[in-house]
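# Report on the structure
Chain by chain, the residues:
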Amino acid sequence: MHLSRLLVGLASSRLRILLLGAPTTIKSPQASGPGQVITSKMDPDKAASAAASLEAAFHNCPRDGVKEKPPSEGPIDPEKASEPESPKENEALETMETGASNKSTAKQESRKANRKRGRRADGEQDAEKTKKKKKQTQRPNYFVSIPITNTQIRSAVTEVQEAVLEREPRLARAMIPVPTLHITLLVTHLAHQEQVDLAAAALTQAGPSLAELLGGAELALPFSGVAHFRNNVVFAALAPGPHTGALRSLAELLCGRFEERGLLEGDARGFEPHLTIMKLSRAPKLRSQGIKRVDPSFYSDYTSRFFGEQTVARLDLCSMLKKKQQDGYYHTETSLPLGGRRRSEPDEAELVRISKRLVDDAVSRAVQQYKQERLQNGGGPNAGQPPGNPDGDAAPKTRDANGAADSRK
């Protein structure tokens, strides 16, 4: 629209100049010959009137489908005919251009801000993912276990390990030390001593619930046969029976107590009780030596072997990283006794059995000592006895033996 006004103003100013100031050459119909023209100067008043009429006609004529307003009354300055009609329109035009420019700049800044926010959001999401991943991949450093103290089971495990080492000596570093044999109930990562104390308290406070779960009875775990996990972990298998369900319930209860305190993520649904004998993860360099699995033929003679029965006497909260105890077992933060009566509080029948065994042992030792003394003194059972009284010395000796037995109690 502004361009149309500019063109109209320019045309009007040129027409006014032609009509008012310049001599006009027109073609006269009365000319005697073709091509002849008459040059005359138009009357100024008539020229001004004609220019005004033409200018009004130009303004009233629609251009590009837009009806323009008629020009304001008064003479038009030819020098200003090509400029906008008023300073307000010029200011409005500049304002519109400035607004468009500002809007474009604002859009660009908005896009940049959105990109920055997007990058920041992506960075925060990546950081959160990294943090979660790091938290998920924290290596366990503590575990709750049932220690294996049965000498029959320990001897059978030693026998299996020796049989495997005869076939492949390089597996020595993959063997589980016999003093550390245990059944793992749960593993966790405790970042500082405060969490260790919380875990110890959780285990201790679970005592009454575990005793109620077991009904005051002892939990015995029989192990029979050798199995494996993907030929990387070899273990003594837990024989099937009702004890398996009780052990799973025990593990689930402990996991729940640890989860309540934020010390464990997950549950015990993947719990698979077993007694590890060897595992390749203890010796990562074996893989570079070509040992990527434990050949089942190495322990095939023990696949149906009965290892023994372990009574669950206690649960231990153990550290994987701290120095082991003098007996070779893991460093134990705390222990929770389990089972029936404590061994420090035997019943009357057990006291009678213990007393009888002690008396029998004392009498047996006294008899052996008496026989050795008789042999050293005379070389025979009747040596040094007066005739006619073969048993004369027997009574005093017997009394001495009984006196010695009494003193040993």
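This part covers the packing of aromatic side chains. Counted under the stated rule, the structure contains three aromatic pairs. Arranged with centres 5.1 Å apart and planes meeting at 85°, the rings of Phe143 and Tyr330 form a pair that is edge-to-face. In this pair, Phe143 sits in strand S3 (residues 142–147) while Tyr330 sits in the loop between strand S9 (314–319) and strand S10 (331–337), placing the two residues 187 residues apart along the sequence. According to the relative accessible area criterion, Phe143 is buried, its value standing at 2%. Accessibility expressed as a relative area gives 14% for Tyr330, which makes it buried. With a centroid separation of 4.5 Å and an interplanar angle of 35°, the aromatic rings of Phe229 and Phe235 are classed as tilted.

It is worth spelling out the sheet that holds S10 at this point. Taken in spatial order, the four strands line up as S4-S3-S9-S10 in an open sheet, and their pairing is antiparallel. Every interior strand has two partners, whereas the edge strands, strand S4 (182–188) and S10, have only one. Shown here is a sheet whose adjacent strand axes are inclined to one another by a mean of 25°, direction ignored. Here S3 runs beside S9; their pairing, made up of four bridges, is antiparallel. When the bridges of S9 are listed, Tyr142 appears paired with Ser319. Sitting on the sheet, helix H7 (residues 242–260) is in contact with S3, S4 and S9, with an inclination near 25° to S4.

To continue, consider the environment of Ala206. Looking at the element boundaries, Ala206 is found in the loop between helix H5 (193–205) and helix H6 (207–214). On the accessibility criterion, Ala206 (0% relative accessible area) is buried. A C-alpha to C-alpha distance of 7.1 Å links Ala206 and Leu254, two positions 48 residues apart in sequence. Not counting residues up to four positions away in its chain, the partners in contact with Ala206 are Leu253, Leu254 and Arg257.

Quick look at the sheet that holds strand S6 (residues 233–238) now. Strand pairing within a sheet occurs via backbone hydrogen bonds; the two strands may be parallel or antiparallel. Strand order in the open sheet formed by four strands is S7-S6-S5-S8, and the pairing between neighbours is antiparallel. Two strands bound the open sheet, and with one partner strand each, they are strand S7 (274–279) and strand S8 (306–311). Geometrically, the sheet is characterised by an average inter-axis angle of 35° between neighbouring strands, direction not taken into account. Pairing between strand S5 (residues 220–229) and S8: five bridges, direction antiparallel. The residue bridging Ser224 from the neighbouring strand is Phe306, located in S8.

This brings us to the pairing of S4. Of all the seven residues making up S4, five are buried; the element is thus mostly covered by neighbouring parts of the structure. When S3 meets S4, the two strands line up antiparallel, connected through six bridges. In the strand pairing of S4, Phe143 is matched with Val187.

Turning to H6, its buried residues are Gly207, Leu210 and Leu214. The arc enclosing the buried residues of H6, seen along the axis, measures out at 65°, which places them on a common side. Turned more than 90 degrees away from the buried face of H6 sit Pro208 and Glu212, all of them exposed. In the segment just after H6, Gly215 is the residue with positive phi, at about 70°.

Reading the values: the criteria
- Residues numbered from 1 in each chain as written.
- Predicted model: local features only at pLDDT ≥ 70, side-chain atom pairs only at ≥ 80, totals over all residues.
- Heavy atoms only, no water.
- Phe/Tyr/Trp six-rings, centres within 6.5 Å; stacked < 30°, edge-to-face > 60°.
- Helix = DSSP H or I, 4+ residues; strand = E, 2+ residues; numbered from the N terminus.
- Buried < 20%, exposed > 50% of the residue type's maximum accessible area, 1.4 Å probe, protein only.
- Pairing = 2+ DSSP bridges.
- Axes fitted to C-alpha atoms, helices over the stretch in contact; angles between N-to-C directions.
- Contact = heavy atoms within 4.5 Å.
- Arc of directions from axis to C-beta.

The values reported here are purely geometric and, on their own, carry no functional implication.
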